[in-house]
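Descriptive structure summary
So the chains spell out like this:
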Amino acid sequence: MQTQKLILLVDDEVKITQVLAAYLEKAGYRTMSAHDGETALELLRLHPVNLILLDLMLPDIPGETLCGQLRAQYRIPIIMLTAKGDDMDKIMGLEYGADDYITKPFNVLEVRARVKAILRRTQHTEAPQETLESGDIRIDTDSRRLFIKGKEINLTSKEFEMLYL
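Read on for a plain summary of the structure.

1. A short note on the overall build of the protein chain
Looking only at helices and strands, the protein chain has six helices and nine strands in total. At 16 Å, the protein chain has a C-alpha radius of gyration in line with the 15 Å of a compact globule built from 165 residues. Looking at the protein chain residue by residue over its 165 residues, the buried ones come to 41%. Across the protein chain, the fraction of contacts at a sequence separation of at least 24, relative to all contacts at a separation of at least 6, is 56%. Summed over all atoms, the accessible surface of the protein chain reaches about 9600 Å², with 52% contributed by carbon and sulfur. In the protein chain, 21 positive and 26 negative side-chain charges are present, and the distance between their average locations comes to 6 Å.

Pasting the structure below:
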């Protein structure tokens, strides 16, 4: 039996995350919500997320900056869900690392269909989760995290790549 995919909803508008959560959970997904960037980063450190729906206008970290940070640390699909609908905003969102871009107001059925499509594409290309261990050192290649004596050590993307090699 396949486990339910976990989707992280990152939007400062609580009502939007509630509506999205209801529709996505009805479709068989699990959801978590964060209403600012710092909370989103903390949830990602604690949970194996399969996809992120990310608003660009967050109260603490600009969504573009957060998207870049997420892309550097994780191989998780990101769909930007935002009121910024100009062509240039869409192009820049994709350049920052988003896999898809949906503008508000949105149709929840379209969001659900895009989530399903991206998860379908990525589930076939995901490498099996691998954990490398030696003594007190554990490297989780899926989440790209390093632990020494159980304590997480933050690495840049390049540092992780060098360590992994």
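Now that the structure is up, let's keep going.
2. Regarding the nonpolar core
In this structure, Leu8, Val10, Ile52 and Leu66 are the most contacted members of the largest nonpolar core, which totals 24 residues. The set of elements that each furnish at least two residues to this core consists of strand E1 (6-10), strand E2 (30-34), helix H2 (37-46), strand E3 (51-54), helix H3 (63-73) and strand E4 (78-82). Of the residues forming this core, the biggest block, four residues, is contributed by H2. The contacts of Leu66, once residues within four sequence positions are left out, are Val10, Gly37, Ala40, Leu41, Leu54, Leu58 and Ile61. Leu51, Ile79, Val108 and Val115 belong to the second largest nonpolar core, which has 17 residues in total.

3. A word on the packing of H2 against H3
Taken N-terminus to C-terminus, the directions of H2 and H3 make an angle of 15°; their axes are 11 Å apart at the nearest point. The orientation of H2 relative to H3 falls into the category roughly parallel. Taken as a pair, H2 and H3 cross one another with a handedness that is right-handed. Residues Gly37, Ala40, Leu41 and Leu44 of H2 form the contact with H3, whose own contacting residues are Leu66, Gln69 and Leu70. Residues belonging to the contact of H2 with H3 are distributed by class as follows: five nonpolar, two polar and no charged.

4. Notes on the packing of aromatic side chains
Applying the stated criterion to the full structure yields zero aromatic pairs. A cation over an aromatic ring shows up here: Arg138 above the ring of Phe147, its NZ or CZ 4.1 Å from the ring centre.

Calculation notes
Residues numbered from 1 in each chain as written. Predicted model: local features only at pLDDT ≥ 70, side-chain atom pairs only at ≥ 80, totals over all residues. Heavy atoms only, no water. Helix = DSSP H or I, 4+ residues; strand = E, 2+ residues; numbered from the N terminus. Rg over C-alpha atoms; globule rule 2.2 N^0.38 Å. Buried < 20%, exposed > 50% of the residue type's maximum accessible area, 1.4 Å probe, protein only. Contact = heavy atoms within 4.5 Å. Areas by Shrake-Rupley, 256 points an atom, 1.4 Å probe, with all protein chains shown as cover. Lys, Arg positive; Asp, Glu negative; His and termini not counted. Charge placed at Lys NZ, Arg CZ, Asp CG, Glu CD. Core = buried A, V, L, I, M, F, W, Y, C linked by side-chain atoms within 4.5 Å. Axes fitted to C-alpha atoms, helices over the stretch in contact; angles between N-to-C directions. Parallel < 35°, antiparallel > 145°, perpendicular 65-115°, else oblique. Left-handed = near helix turned anticlockwise from the far one by under 90°. Nonpolar A, V, L, I, M, F, W, Y, C, P; charged D, E, K, R; others polar. Phe/Tyr/Trp six-rings, centres within 6.5 Å; stacked < 30°, edge-to-face > 60°. Lys NZ or Arg CZ within 6 Å of the ring centre and 35° of its normal.

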